[in-house]
There are 4 protein chains.
Amino acid sequence: MINYQQILDEIFQELQPTLTNGKVADYIPALAKVLPDQFAMSITLMDGTSHHIGCSDTKFSIQSISKVFTFTKALNIYSKELYRKVGREPSGNPFNSLVQLEYEHGIPRNPFINAGAIVVTDTLLSHYKNVDNTYDKILGFIQEISDNQDITYDRDVWFSEYKHGHRNIALANLMKSFNNLDNNVDDVVKTYFKHCAITMSTKELSRAMLFLANHGTDPITNKEFITSSQAKRINAVMLTCGHYDASGDFAFHVGLPGKSGVGGGIVAIVPKLMSIAVFSPRLNNWGNSYSGTKALEIFTNKTSLSIF
Amino acid sequence: MINYQQILDEIFQELQPTLTNGKVADYIPALAKVLPDQFAMSITLMDGTSHHIGCSDTKFSIQSISKVFTFTKALNIYSKELYRKVGREPSGNPFNSLVQLEYEHGIPRNPFINAGAIVVTDTLLSHYKNVDNTYDKILGFIQEISDNQDITYDRDVWFSEYKHGHRNIALANLMKSFNNLDNNVDDVVKTYFKHCAITMSTKELSRAMLFLANHGTDPITNKEFITSSQAKRINAVMLTCGHYDASGDFAFHVGLPGKSGVGGGIVAIVPKLMSIAVFSPRLNNWGNSYSGTKALEIFTNKTSLSIF
Amino acid sequence: MINYQQILDEIFQELQPTLTNGKVADYIPALAKVLPDQFAMSITLMDGTSHHIGCSDTKFSIQSISKVFTFTKALNIYSKELYRKVGREPSGNPFNSLVQLEYEHGIPRNPFINAGAIVVTDTLLSHYKNVDNTYDKILGFIQEISDNQDITYDRDVWFSEYKHGHRNIALANLMKSFNNLDNNVDDVVKTYFKHCAITMSTKELSRAMLFLANHGTDPITNKEFITSSQAKRINAVMLTCGHYDASGDFAFHVGLPGKSGVGGGIVAIVPKLMSIAVFSPRLNNWGNSYSGTKALEIFTNKTSLSIF
Amino acid sequence: MINYQQILDEIFQELQPTLTNGKVADYIPALAKVLPDQFAMSITLMDGTSHHIGCSDTKFSIQSISKVFTFTKALNIYSKELYRKVGREPSGNPFNSLVQLEYEHGIPRNPFINAGAIVVTDTLLSHYKNVDNTYDKILGFIQEISDNQDITYDRDVWFSEYKHGHRNIALANLMKSFNNLDNNVDDVVKTYFKHCAITMSTKELSRAMLFLANHGTDPITNKEFITSSQAKRINAVMLTCGHYDASGDFAFHVGLPGKSGVGGGIVAIVPKLMSIAVFSPRLNNWGNSYSGTKALEIFTNKTSLSIF
């Protein structure tokens, strides 16, 4: 029987000397003002037991982790039809590249690069009709899988992203020019930036992801959010595409399906066992949490819980 | 002594069988409704003598030909400083590609691809402060070099371009993300689409370009619009970059500096001798007027007026 | 307890109607002459028990599956040093693309695209000195992990690949120009083509891969071929990069680490449980066995043995 | 009447302070050992009168300037058919890039990038059967247009290029894989490297190019080497593609058709007036002679002889 709390304590210990490595995202002022040397890690087991270390109640900007929620929701609504608008292949390119998108006629490689997530948001907007309602439905879904009503977004981050989001707006317009967006570009990016600006703690995130560890059904509430087959496929896409152009490296070093956000969070899934969330805002060269990635690598080394 | 009128007559004759080759630009409805089989050609000599064939009084959308006017105006204002924001190399890519722009950090290759012309418009907007005034100054400049107040823009084309201009808006946002646009993206593209929607006849266009044949000074009014050195360089950029990814082919077949527009117009310069304008709305595979290109090729073959 | 033989029988049954889908590799005559509608599937469990269906004793050209063997051998020799010469990221490009290799200065993305495997072969050549000895050592290694001396290569295929291998020779020369090959280009590609031309049956292949299902140690002979950590990482690289530009799709549909070859073979690993080999020479659009991929998808659906 | 000798003297004077700018090509030892601060310039007028400054009798490696001779010869043999194998568009890429070549299925953009010149050499090899005879015919052609038997190649440079020419060999193999080379790759590159290793002085080069200033016919010997139309087109291709990815810049600053070589030479044509050759081995960032380019820019500024 693994003593998870002890492992979290050890990880926290081992990471102390390098918590100042990496660089906080500073492309928008609202993200740059976060305390840089924070660290938190939470795991939630199938029976709801959870273990935490560090500032696990501190809310941070989940950013691209929200793409897992919107992808899940869109898969739930559209099923296979969704793949006519977005692929599931690693991109071999940075998260916000326009090059591949142009060569591939506006069909993004996967739902976890920015272009793909924008398309996914567009499909939700088509279903839920307007920006406010779509955001409400996305938030409602996150609250439901988290079993927690106390989740919202950071208005400053949202506004700051929207104001400085020229590259994402470029991606959206490029896809619109290829007829791969159905709604007004401005509505789509507004909704996209809004769900990226949702804030959660590692405690909340590890709880929220539990349904993916349990093949689509929350093991505590027994609610089925998505089919078993779809859940496995979300995990597969997280493994091959969840860390942009460092996805191979993450699979190599950590060996778990996961998704990172530029706010410093990472979620990871140990199928049939647990979901994990880490937070540390300093990023490595690929835009993923430096200490968060390290923490997960130490975790799978100590526990041998890699899927490989 | 060359009989230019006779040569124009012969060209018109020779082109009759192929006037139905090529395809009218149809990416916006307002352009698609032009009569497809029209042809006009005008030449204006240094003494103001002019020769015409076909519908040389018919106004058409000058589109990218307007880039020559805005480039001239911006060079006049900023001189060499302009080249910090836009290069002068052939692109080796289609006119609206985002690929190269991303690799080259938002600095467009030259002022005649869309991205480059958008940057040029941005610099004019910085100088003239707002959309309306900037457009008025561009139009005023065209009226002055044309010695003709009767020039304006087509509101339908402008609105249609603006409404469907997602790819150009993507280019502008991408450059904005690289800090290579100083003004609001929406203002820049509005101004850009507006000067592209100006309509002129071949008679007017061949008159307007005369200053470039005479190294910057209108030979009729003696007004100097740009220095001799700058005028030669505008001609050089037209030769190497004036026809998008068919610039080499145009230099090869026609051998004159020129600039085409998707509305079916082409202007060309015979240094120290004349300026030429042709119009025929059906386009070849590279987006240049099919019969217009042919007409110019026949012209330089018959007259041996290639610069090579 | 799963009845694997019955599952293989069912798969064979289900695939009958589509065994004529896809197209045999025909870029060299020696490969094109294979009987197109063959199918075989073999699984080998940790205790050595094995199950087979179809022509599981028929030898076929293992082609890129050999890259798993050379990568394993090179990792065993050079350990982490190997990653200075080859990465472990999905490429987002076809298997033989030169584009990314040029942008990334001759360092291939991963050991399973052709460029990466050529680099791996180069490192083995540096270690084993000459073409014949290097090939002998690679073959010896395969014979050892297969517990089977009766394996060799197809001289016709080898010669045919070498004679028509201009693109691979281009890749090798490009890497040589970046100083990422240490040996003579001709020696490297000769060795590379030779190990690609090795022939094995699914029975042999599923046996050979068992050490990867058991974290580096053959569970029958108890020989440790590679460390546990390295074995997991080979599996991770197979999952993210094992099927060229359809790796995401394979992870998505099959959910197992695997490696395909253009000869129609695919190997896959169920960690701690078994290794699988399939063979069917008709290929899908991405160059992977059409029926082989299908067979594995059906297998993980029926058994729920996906790693996700 | 322009005093050309005085202008050459002035240019030489003006360049003295910057003759140490730029960097000698050092990718092969045989080129790196040239005396770095040399300068020579020669012009040959239509009547055979010539003017020289600097070390105009010093022979240097003509390198890519030889591409003008092979292109001329191939055009003479194959006429328009040649353009099925090589284009005439600027590349927008460095001289030895494989990227575009792969996207464009092995058809090089123009005969002056390395890939294009290799294809041209391949066509000559098809016509003249073997390496030695093909080289002899190319050399014979150069001797004929130069009216000078005393021209040969540098064996050390040839051998050094061949030994270190991995990137060019990669280009050749890539084109072979697209069936755009008809001969054995090794024969093609051997011939290519051999004609690149020919050495000439500026005196000889300016004499050799005179036929291009006179529309294909040597004005001294009255021999027609190529048709008037073809000669103009060679000039057009030199203008748009003669300086790799600085062709636009050369047209902009110098305004003459020209071709540079990595050995430090540049030739330029003033149609109907003269041919010019400069030599100075230090190169600018685009691989063109630093002082050679400057000299030509000063020349056209002083004489107003730009074609624009």
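Caption draft 1: Up close: the interface of chain C and chain A. The interface is formed by 29 residues belonging to chain C together with 29 residues belonging to chain A. The element that contributes the greatest number of residues to the side of chain C that touches chain A is helix α12 (residues 228–241) of chain C, accounting for eight residues. The class makeup of the residues in the side of chain C that touches chain A is 11 nonpolar, 11 polar and seven charged.

Caption draft 2: Structural detail: the interface of chain B and chain D. Opposite the 29 residues of chain B that make contact, chain D presents 29 residues. Breaking the side of chain B that touches chain D down by element, the ones donating at least two residues are α12 (228–241) and α13 (247–253) of chain B. With eight residues, α12(B) is the largest single contributor of residues to the side of chain B that touches chain D. Taken together, the residues of the side of chain B that touches chain D break down into 11 nonpolar, 11 polar and seven charged.

Caption draft 3: Here's a closer look at the domain arrangement of chain A. Residues and elements named next belong to chain A. Structurally, chain A comprises domain 1 (23–63 + 198–301) and domain 2 (66–195). Taking the mean C-alpha position of each, domain 1 and domain 2 sit 19 Å from one another. Counting residues at the interface gives 33 residues for domain 1 and 32 residues for domain 2. Mapped by element, the contributors of at least two residues to the side of domain 1 that touches domain 2 are α2 (29–32), β6 (198–200), α10 (202–208) and α12 (228–241). No other element matches α12, which puts six residues into the side of domain 1 that touches domain 2. For the side of domain 1 that touches domain 2, the per-class residue count stands at 19 nonpolar, nine polar and five charged.

Caption draft 4: Fine view of the relation of the copies chain C and chain A. Once chain C has been moved 0.0 Å along the axis and rotated by 180°, it coincides with chain A to within an RMSD of 0.0 Å. In symmetry terms, the pair is related by a two-fold rotation axis. For chain C, the residue whose C-alpha comes nearest the rotation axis is Gly92(C), separated from it by 2.2 Å. Looking at chain C, 100% of its interface residues are interface residues in chain A too, so the copies touch through the same face.

Caption draft 5: Geometry of the arrangement of the chains. Across all C-alpha pairs, the smallest distance from chain B to chain C is 10 Å, and the two are not in contact. Looking at chain A next to chain D, you find no contact at all, with the nearest C-alpha pair sitting 10 Å apart.

Caption draft 6: Looking closely at the environment of Ser228(C). Residues and elements named next belong to chain C. Within the fold, Ser-228 resides in helix α12. Accessibility expressed as a C-beta count within 10 Å gives 13 for Ser-228, which makes it partly exposed. Between the alpha carbons of Ser-228 and Gly-106 there is a distance of 30 Å; along the sequence they are 122 residues apart. For Ser-228, the contacting residues outside a window of four places in its chain are His-215 and Gly-216.

Caption draft 7: Quick look at the environment of Ala246(D). All names here are of chain D. With respect to the helices, strands and loops of the structure, Ala-246 is situated in the loop between α12 (228–241) and α13 (247–253). It is 33 Å that separates the C-alpha atoms of Ala-246 and Tyr-128, two residues lying 118 residues apart in sequence. Discounting residues that sit within four places of it in the chain, Ala-246 has contacts with Trp-286 and Asn-288.

Caption draft 8: Spotlight on the pairing of strand β8 (residues 265–270) of chain D. Residues and elements named next belong to chain D. Summarising burial for β8: six of the six residues are buried, a large majority. Burial of the side chains of β8 extends over both faces: Gly-265, Val-267 and Ile-269 are buried on one face and Ile-266, Ala-268 and Val-270 on the other. For strand β7 (residues 258–260) and β8, the ladder comprises three bridges, and the chain directions are antiparallel. By the bridge assignment for β8, Ser-260 is matched with Ile-266. The pairing of β8 with strand β9 (residues 274–279) spans six bridges and is classified as antiparallel. Bridge pairing in β9 places Val-270 opposite Met-274. Hairpin remark: β8 followed by β9, antiparallel, with three residues in the connecting loop; positive phi at Lys-272, about 70°.

Caption draft 9: Representation of the sheet that holds strand β4 (residues 60–61) of chain B in the model. Residue and element names in this part refer to chain B. Judged by pairing direction, the sheet is antiparallel, and its three strands sit side by side in the order β4-β6-β5 without closing on themselves. The open sheet is flanked by β4 and β5 (152–153), the only strands paired with a single partner. Pairing geometry for β4 and strand β6 (residues 198–200), over two bridges, is antiparallel. Each residue of the ladder has a partner; that of Phe-60, found in β6, is Met-200.

Caption draft 10: Looking closely at the packing of helix α5 (residues 114–128) of chain C against helix α8 (residues 166–177) of chain C. Residue and element names in this part refer to chain C. It is at 10 Å that the axes of α5 and α8 come closest, and there the two elements cross at 65°. Between α5 and α8 lies a crossing of right-handed hand. Contacts between α5 and α8 involve Asn-114, Ala-115, Ile-118 and Val-119 on the former and, on the latter, Asn-168, Leu-171, Ala-172 and Met-175.

Caption draft 11: Representation of unusual backbone geometry in the model. A positive phi angle, close to 60°, is found at Asn179(A), a residue other than glycine. Its location among the elements puts Asn179(A) in the loop between α8 (166–177) and α9 (185–196). Despite not being glycine, Lys129(C) has its phi angle at roughly 80°, a positive value. Assignment of secondary structure puts Lys129(C) in the loop between α5 and α6 (131–146).

Caption draft 12: Spatial organisation of the sheet that holds β8(D). Residues and elements named next belong to chain D. As summarised here, the arrangement of the five strands in space is β3-β2-β9-β8-β7, forming an open sheet in which the pairing is antiparallel. Strand pairing shows two members of the sheet lacking a second neighbour, β3 (50–54) and β7, which therefore form its edges. Across the sheet, the axes of successive neighbouring strands diverge by a mean angle of 10°, strand direction being ignored.

Caption draft 13: Examining the pairing of strand β2 (residues 40–45) of chain A more closely. Residue and element names in this part refer to chain A. Within β2, five of the six residues are buried, leaving the element largely enclosed by the surrounding structure. Across five bridges, β2 lies against strand β3 (residues 50–54) in antiparallel orientation. By the bridge assignment, Met-41 is partnered in β3 with Ile-53. From the end of β2 to the start of β3, which pair antiparallel, there are four residues, and Gly-48 there has a positive phi angle of about 95°.

Caption draft 14: Broad picture of the relation of the copies chain B and chain D. Superposition of chain B onto chain D requires a rotation of 180° combined with a translation of 0.0 Å along the rotation axis, giving an RMSD of 0.0 Å. In this assembly, 100% of the residues forming the interface of chain B have copies in chain D that are likewise at the interface, indicating an isologous arrangement.

Caption draft 15: Layout of α8(A). An ideal rise of 1.5 Å per residue puts 16 Å on 12 residues; α8(A) measures up with 16 Å between its terminal C-alpha atoms. Looking at the packing, one finds that the buried side of α8(A) touches α4 (99–103), α5 (114–128), α7 (155–164) and α9 of chain A together with α8 (166–177) of chain B. Two residues or fewer past α8(A), Asn179(A) is found with a positive phi of approximately 60°.

Caption draft 16: Representation of the environment of Arg84(A). Along the chain, Arg84(A) turns up in the loop between α3 (66–78) and α4. As a C-alpha pair, Arg84(A) and Cys55(A) span 29 residues in sequence and 41 Å in three-dimensional space.

Caption draft 17: Summary view of helix α3 (residues 66–78) of chain C. Residue and element names in this part refer to chain C. Relative to the 18 Å expected for 13 residues at 1.5 Å per residue, α3 spans 18 Å between its end C-alpha atoms, a close match to the ideal helical length. Burial runs high along α3: 10 of the 13 residues are buried. Taken as a whole, α3 has its buried residues at Ser-66, Lys-67, Val-68, Phe-69, Thr-70, Phe-71, Thr-72, Lys-73, Ala-74 and Leu-75. Downstream of α3 by one or two residues, Ser-79 has phi in the positive range, about 50°.

Caption draft 18: Highlighting the packing of α7(A) against α9(A). All names here are of chain A. Where α7 contacts α9, the axes come no closer than 8 Å and their chain directions differ by 140°. Judged by the angle between their axes, α7 and α9 are oblique. The element α7 and its partner α9 pack so that their crossing is right-handed. Of the residues in α9, those in contact with Trp-158, Glu-161 and Tyr-162 of α7 are Lys-190, Phe-193, Lys-194 and Cys-196.

What counts and what doesn't
- Residues numbered from 1 in each chain as written.
- Chains lettered and ligands numbered in written order.
- Predicted model: local features only at pLDDT ≥ 70, side-chain atom pairs only at ≥ 80, totals over all residues.
- Contact = placed C-beta atoms within 7 Å.
- Helix = DSSP H or I, 4+ residues; strand = E, 2+ residues; numbered from the N terminus.
- Nonpolar A, V, L, I, M, F, W, Y, C, P; charged D, E, K, R; others polar.
- Domains from an automatic or database assignment.
- Least-squares fit on C-alpha atoms with pLDDT ≥ 70 in both.
- Buried ≥ 20, exposed ≤ 12 C-beta atoms within 10 Å, placed from the backbone.
- Pairing = 2+ DSSP bridges.
- Axes fitted to C-alpha atoms, helices over the stretch in contact; angles between N-to-C directions.
- Left-handed = near helix turned anticlockwise from the far one by under 90°.
- Expected span 1.5 Å × (residues − 1).
- Parallel < 35°, antiparallel > 145°, perpendicular 65-115°, else oblique.

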